[in-house]
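Structural overview for review
Each chain is listed here by its residues.
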Amino acid sequence: MLPDFASVNPETKREALAFLDSLDDARVIAGGTDLLVDMKRGESCGNVVDIMNVKELKRLSVNDGKIIIGSTVTHAAISKTVILNDMAQSLSVACGWVGSPQIRNMGTIGGNLVNASPAADSIPPLLIHDAILSIESKDGMREEALEDFIIAPYETSLRPRELLASVCIKGLPGYREGYRRAAKRAAWAISRLSVAWAISEDDDHFVDVRLAIGSCTPMPFRPRDVEEFLKGREKNDPVIREAVEIVAEEIRRISGDRPSFVYKMPVVKDLVQKALRG
Amino acid sequence: MKAIHFTLNGKKASCEVQDKELLLHTLREQFSLKSLKEGCGIGECGTCTVLIDDEPHYSCLTLASKINGHDVKTVEYLGDAELLHPLQKAFIDSGAVQCGYCTPGMLLSAYSLLIKNGDPSDDEIKEAISGNLCRCTGYIQIIEAIRNAAGLCKCKS
């Protein structure tokens, strides 16, 4: 059973921000696939602001190579939008792996980011695209890089009365990109490990390599040391082997040596070397 | 309380719902649609599946106030024992029903697929029903039933 709360269904962003400003103890709900589960398990709040009817938050637009995704765009919409598949393939692939068809029809990109699970499928692809979040409140707007927005597992910099309005990413033309994950089953499973990549290369050299690894450390992260190491390097087996070791080192530095690494390290190394090889 | 107006199984419907009321409970208690059930209650098993604007959703995690102005379908939309929908008939013919608990949700997910795709591959069928769990027959008969019913549903595209 859900605890008692009052809910409002604003239809414009202005209305939503006004509700967030005036209502005490308010939580934002979009798809409800995380919040309502948490509330059934004992979390409570006095007010719920349902933003699913706010048209401005549902928009997906492309301008000058920039893609702006409204926070209530669903995983299903992202995975099925052709232009996203062309401009940010890793994101559209990842969103197609989230939960089940029902969850993808309900759950939103904004919800995935605000929930900030270490295993969130949308986060590694957004990290390689240097996602910038647009966060609004009645008093104004601020922008923050996704990398800074998530400050701990399930914890973000979002303050009470603030609303995540949209996510902005840039297409990476000329890069090959993708997303792979390991999970207990093919469908309806939580990622146990995931890697998103975008790689630009000429015939035998890496030009620019962007990697993001999820479900391995407290927050999905970009292994910057290896990205730096690979810049301009020749693309061959010894370089890839060394790169994979640097990734393992970065993970150990963040998480310390953990019991799960007996399983996770060989898998992450394999996913990374496959991503680099292409 | 909130007044909501929506389309339910092809007909106009209105009712009053509490702010915290879940669509699952509105449909079961106010409209006596007992085909959808609360299984896990946390959006994993699929027995509470309904179609909202022809796309499957978990009604156990949908606030009833969200459906104002939308189209909602439950398995009662498809047919009943007197007049079975070809998809329902295919489930019976293939032995895809045993205890029946998952069947309404399974039928709705299958229906949502077939109205968009008149000739789905087995992989597309598996993906479409991946949010609905069956613990009796397993999935072979269900997939076969959906394959056999493909082309018998009015495809929108």
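Residues numbered from 1 in each chain as written. Chains lettered and ligands numbered in written order. Predicted model: local features only at pLDDT ≥ 70, side-chain atom pairs only at ≥ 80, totals over all residues. Heavy atoms only, no water.

**Quick look at the side chain of H85 of chain B**
Residues and elements named next belong to chain B. Put simply, the rule is: Helix numbering and strand numbering both begin at the N terminus, where a helix is a DSSP run of H or I of at least 4 residues and a strand a DSSP run of E of at least 2. Only protein chains enter the accessibility calculation, which uses a 1.4 Å probe. A residue is then buried if its area is under 20% of the maximum for its type, exposed if over 50%, and partly exposed in between. The contact definition used throughout considers only heavy atoms, calling two residues in contact when any of these lie within 4.5 Å.
Looking at the secondary structure, you find H85 in the loop between strand 5 (71–73) and helix 2 (86–93). The exposure class assigned to H85 is buried, which follows from its relative accessible area of 14%. Excluding residues that lie within four positions of it along the chain, H85 makes contacts with L78, G79, Y111 and C153.

**Let's talk about the packing of helix 11 (residues 237–255) of chain A against helix 12 (residues 261–277) of chain A**
Residues and elements named next belong to chain A. What counts here: For helices, the fitted axis covers only the stretch in contact; all axes are lines through C-alpha atoms, and the angles between them, taken along N-to-C directions, range from 0 to 180 degrees. Working rule for angles: under 35 degrees goes down as roughly parallel, over 145 as roughly antiparallel, 65 to 115 as roughly perpendicular, anything else as oblique. Crossing handedness follows the turn of the near helix against the far one: under a right angle anticlockwise gives a left-handed crossing, and clockwise gives a right-handed one. In the scheme used here, Gly and all other residues not listed as nonpolar or charged are polar, with Ala, Val, Leu, Ile, Met, Phe, Trp, Tyr, Cys and Pro taken as nonpolar and Asp, Glu, Lys and Arg as charged.
Where helix 11 meets helix 12, the closest approach of the two axes is 9 Å, and the angle between their N-to-C directions is 140 degrees. Compared by their axis directions, helix 11 and helix 12 come out oblique. By crossing handedness, the relation of helix 11 to helix 12 is classed as right-handed. Taken together, the residues of helix 12 that come into contact with helix 11 (itself represented by D237, I240, A243, V244, E245, V247, A248, I251, R252 and S255) are F261, M265, V268, K269, V272, Q273, L276 and R277. Its residues assigned to classes, the contact of helix 11 with helix 12 comprises 11 nonpolar, 2 polar and 5 charged.

**Re a negative patch on the surface**
Residue and element names in this part refer to chain A. What counts here: In this analysis, a patch consists of residues with relative accessible area above 30% that form no salt bridge, clustered at 9 Å for like charges and at 5 Å for the nonpolar side chains Val, Leu, Ile, Met, Phe, Trp and Tyr. Computed with the Shrake-Rupley method and a 1.4 Å probe, the accessible areas treat only the protein chains shown as cover for residues. Throughout this description, the term salt bridge denotes a Lys or Arg side-chain nitrogen within 4 Å of a carboxyl oxygen of Asp or Glu. Positive charges are assigned to Lys and Arg, negative charges to Asp and Glu, while His and the chain termini are left out of the count. By convention, the charge on Lys lies at NZ, on Arg at CZ, on Asp at CG and on Glu at CD.
Side chains of D202, D203, D204 and E234 sit close together on the surface and give a patch of like negative charge. Assignment of secondary structure puts D202 in the loop between strand 12 (191–201) and strand 13 (206–214). Judged by its relative accessible area of 41%, D202 is partly exposed.

**With respect to the sheet that holds strand 1 (residues 2–8) of chain B**
Residue and element names in this part refer to chain B. Our working rule: Should DSSP find at least two bridges between two strands, the strands are taken to pair.
What the 5 strands build is an open sheet, ordered 2-1-5-3-4; its pairing is mixed. If you trace the sheet from one side to the other, it starts and ends with strand 2 (11–17) and strand 4 (55–58), each paired once. Taken pair by pair, the neighbouring strands of this sheet meet at an average axis angle of 40 degrees, ignoring direction. Here helix 1 (residues 23–30) sits on the sheet and contacts strand 1, strand 2, strand 3 (49–52) and strand 5; the angle it forms with strand 2, its principal contact strand, is near 110 degrees. The strands that helix 3 (residues 103–114) touches are strand 3, strand 4 and strand 5; relative to strand 3, the one it contacts most, it runs at about 30 degrees.

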